[in-house]
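Structural overview
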Amino acid sequence: ISSVPMKPDLYQYTDYRAFLRDWFARSKAESAAMSYRFLARRLEIDPGFLVHIFQGQKHLAEKHQAAMVAILKLGKREAEYFQRLVAFCKAKGEREIGRRYLELMELRESGSRKLESSHYRYYLNWYVPAIRCLIAATEFRDDFAALANKLRPAISEQEAKDAVALLEKLGMIHRAPDGIWETVDTHVTTGDTWTGPAIQAFQKQTLELAIDALETLPKSQREISTMTFSIPQGEIATVQEMVREFRG
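Residues numbered from 1 in each chain as written. Predicted model: local features only at pLDDT ≥ 70, side-chain atom pairs only at ≥ 80, totals over all residues. Heavy atoms only, no water.

Remarks on the overall build of the protein chain
A tally of helices and strands in the protein chain yields 12 helices and two strands. Listing each helix as α and each strand as β along the protein chain from the N terminus yields α-α-α-α-α-α-α-α-α-α-β-β-α-α. By the burial criterion, 37% of the 248 residues in the protein chain qualify as buried. Once local pairs closer than 6 in sequence are excluded, the contacts in the protein chain between residues at least 24 apart make up 57%. (Helix = DSSP H or I, 4+ residues; strand = E, 2+ residues; numbered from the N terminus. Buried < 20%, exposed > 50% of the residue type's maximum accessible area, 1.4 Å probe, protein only. Contact = heavy atoms within 4.5 Å.)

A short note on the pattern of salt bridges
Applying the stated criterion across every chain, the model contains eight salt bridges. The salt bridge involving Glu 139 is made with Arg 141; its shortest N-O contact spans 3.8 Å. The exposure class assigned to Glu 139 is exposed, which follows from its relative accessible area of 61%. Each of the salt bridges in this network shares a partner with another, and the network as a whole consists of Glu 96, Arg 99, Arg 100 and Glu 103. (Salt bridge = Lys/Arg side-chain N within 4 Å of Asp/Glu carboxyl O.)

Here's the deal with the nonpolar core
Among soluble globular proteins, nonpolar side chains are generally buried collectively. One finds Tyr 16 and Phe 82 to be the most contacted residues of the largest nonpolar core, which totals 38 residues. No other element matches the seven residues that helix H5 (residues 76-90) contributes to this core. Non-local contacts of Phe 82, meaning those with residues more than four positions away in its chain, are made with Leu 10, Tyr 16, Phe 19, Leu 20, Leu 60, Met 68, Val 69, Leu 72 and Leu 74. Of all hydrophobic cores here, the second largest spans 26 residues; its members include Tyr 123, Phe 144, Ala 160 and Leu 167. (Core = buried A, V, L, I, M, F, W, Y, C linked by side-chain atoms within 4.5 Å.)

Here's the deal with unusual backbone geometry
In the segment running from Arg 152 into Pro 153, the intervening peptide bond is cis, with an omega of 0°. Here the phi dihedral of Glu 44 falls at roughly 60°; this positive angle occurs in a residue that is not glycine. Along the polypeptide, Glu 44 turns up in the loop between helix H2 (36-43) and helix H3 (47-54). Taking the relative accessible area as the measure of exposure, Glu 44 reaches 68% and is therefore exposed. Within the chain, Lys 73 stands out as a residue other than glycine whose phi angle is a positive 60°. Topologically, Lys 73 is positioned in the loop between helix H4 (62-72) and H5.

Side note on H2
Listed in full, the buried residues belonging to H2 are Leu 39, Ala 40 and Leu 43. Taken down its axis, H2 places every buried residue within 100° of arc, on the same side. Summarising the geometry of H2, the exposed residues directed more than 90 degrees from the buried face are Arg 37 and Arg 41. After H2 finishes, the residue Glu 44 shows a positive phi value of roughly 60°. (Arc of directions from axis to C-beta.)

Next comes the structure, spelled out in structure tokens:
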């Protein structure tokens, strides 16, 4: 049985740094000559900076992308996907993230896709998961204006309509025989593997909503509290696992 990791499929990644880590692990298993220093020399960048890229703390500069594509031995279509992937991971703001995501999907549609790639759009706007929760908790029969006004802050009727259409397309809701929309699953999670820009943008949106609620909603309609306490460095992972268990 070979101990060499499988060749990573570029089209299954939404973070180029994760792809590089898997590619590096395979390359190092195949050749003892592979190292961060060796790779940094070929890219003509500082080895320490390269490590930060692989760790997801920095980004690959545009001027180094062609050299990286050559090192990875990517074909024309793969090279374009890789470059779009870098642009996607660098994207900031909901609009740019959405645009870069669609650019990725243009090259990804013809290949096999993991479940998470087709559901990525679910997290691009905070109100899509919120609409799904409303449908689970109330009787909704296509009154999109009323549905939109139930959210705080309220969204437009068209945004509510688009959210319902997306949820139906993703198989997260369906219309029952009596005309009431219902959720398909009771619980949705990204798991612990997603760290892409869309997820970060969604989390940022929810934090901004919390700030807005603190400033605009009466205390009777919100529950926000804070606590300051110390945790030993070695126990941080334990606390994180407790949060995951509680969340799940």
